[in-house]
Amino acid sequence: MAAGGWTCATLAEKTEVDPKSVERWLNLGRTPRRTTAMRAAEARGEDVHALWPALRQARPARAVSPELVGLYDQRANLPVSAFADLFRQARERIDVLVYAAVFLHEAYPRLNDVLRECATDGCAVRIALGDADSPNVRQRGQEERFGHGIESRCRLALMHYRPLLGVPGVEVRTHGSTLYNSLYRADDQLLVNAHVWGVNAYGAPLWHLRRHGDGGVFDTYADSFDAVWATARPVEG
C-alpha cells in the first residue's frame, strides 16, 4: 500500500468500510468478508487469495459416483448367473473385453445360447479375447504366476466362442493390448473387473456401473473398449 501511495483512509473509501477496519486487516491480520475483500483486491489490482489466503474455499469432497451400483471385493463373489442375466437384459449391445474369462462358459454352458438369442433379437454382440501369442498375454501370465496357462486359456476361450462365428450380429476379435480391466457391458450397465498386479482376475475387485449421462465413469470404460476393439483382429470362421 505504501509503495502505491495508498492509506487506510483511501482503501477504506474504495471498499466502503471504516478506516479502522482496514487498520485491523493490516495490523491484526483480520480477514474481511469475501465481498469486501474482492472490492479491496480489485482496487489494488491484486489477487484476493494472495492478499487473504484464508478465503480459499476448500474443494468439497466428491460424492460417490451416481453410476456406481455395487462394489464386490472379488469377482468370485458375484455368481456367474449374474453375468448371463445382465447379457439377457441387453437390447442394443453386448461388449466383452477379456483375455480369456473361461469361467463364463465353464460355469454357464448356455452362455452361447444367450448371446445367440440376443443377437437374433437385434442386439450387437462384440467379443474381444486376448491373442494367445501376444507379449502382453505372456507377461500377464508371468505376473500372476500362471505361466503358460493364460495363453492356453485364451485359446480355450476362442474355442468356446467359435460356434458363434458367422451368427449375424456377433463379432469375435482377438487383441494384444495391455488389459487393465475386464469389461462386461450390456447396454447401459457395465461390470468392471479391475486387475491387480500379481492377482488372478477372480480375486480382484469388481464394480457394477450404470450409465448416468454423458462423460461419466461408464463412458470412460466404454470408450476404452472401443479403442481396443479398433485395434483387434477379426477371427475368421
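To start, this report covers the structure provided alongside it. The shown structure was predicted, so the numbers you read here are calculated from the model rather than taken from an experiment.

**Focus on the sheet that holds strand S3 (residues 124-130)**
Spatially, the eight strands line up as an open sheet ordered S1-S7-S6-S5-S2-S3-S4-S8, and their pairing is mixed. Each end of this open sheet is capped by a strand with a single partner; those strands are strand S1 (68-72) and strand S8 (233-234). Bridge count between S1 and strand S7 (residues 206-210): four bridges; the pairing is antiparallel. Counterpart to Gly70 in the pairing with S7 is His208. Of the strands in this sheet, strand S2 (93-97), strand S5 (181-186), strand S6 (189-194) and S7 are in contact with helix H5 (residues 80-89), which crosses S5 at around 45°.

**A word on the pattern of salt bridges**
Scanning the model with the defined rule gives 12 salt bridges in all. Glu171 is paired through a salt bridge with Arg173; the nearest N and O atoms lie 3.3 Å apart. Taking relative accessible area as the criterion, Glu171 reaches 37% and is therefore assigned partly exposed. For Asp219, the salt bridge identified is with Arg211, shortest N-O distance 2.7 Å. You can call Asp219 buried: its relative accessible area is 13%. A cluster of three or more residues bridged by salt bridges with shared partners is formed by Arg93, Asp95, Arg126 and Asp226.

**Considering unusual backbone geometry**
A negative phi holds for most residues other than glycine; trans holds for most peptide bonds. A positive phi is found at Glu16, a non-glycine position, where the angle reads about 60°. Following the sequence through the fold, Glu16 ends up in the loop between helix H1 (8-15) and helix H2 (19-27). Among the residues examined, Glu16 registers a relative accessible area of 64% and is labelled exposed. A positive phi angle is found at Ala101, which is not glycine, with a value near 50°. Looking at where Ala101 falls in the secondary structure, it is placed in the loop between S2 and helix H6 (103-107).

**Side note on the packing of H1 against helix H3 (residues 34-44)**
Angle between the axes and distance between the axes are the two parameters that describe a pair of packed helices. One way to put it is that H1 packs onto H3 with a least axis distance of 9 Å and a crossing angle of 120°. When the axis of H1 is compared with that of H3, the two are oblique. Crossing angle aside, the handedness with which H1 passes H3 is right-handed. Contacts between H1 and H3 involve Leu11, Lys14 and Thr15 from the former and Thr36, Arg39, Ala40, Ala43 and Arg44 from the latter. Partitioned by chemical class, the residues of the contact of H1 with H3 number three nonpolar, two polar and three charged.

Analysis parameters
Residues numbered from 1 in each chain as written. Predicted model: local features only at pLDDT ≥ 70, side-chain atom pairs only at ≥ 80, totals over all residues. Heavy atoms only, no water. Pairing = 2+ DSSP bridges. Helix = DSSP H or I, 4+ residues; strand = E, 2+ residues; numbered from the N terminus. Contact = heavy atoms within 4.5 Å. Axes fitted to C-alpha atoms, helices over the stretch in contact; angles between N-to-C directions. Salt bridge = Lys/Arg side-chain N within 4 Å of Asp/Glu carboxyl O. Buried < 20%, exposed > 50% of the residue type's maximum accessible area, 1.4 Å probe, protein only. Parallel < 35°, antiparallel > 145°, perpendicular 65-115°, else oblique. Left-handed = near helix turned anticlockwise from the far one by under 90°. Nonpolar A, V, L, I, M, F, W, Y, C, P; charged D, E, K, R; others polar.

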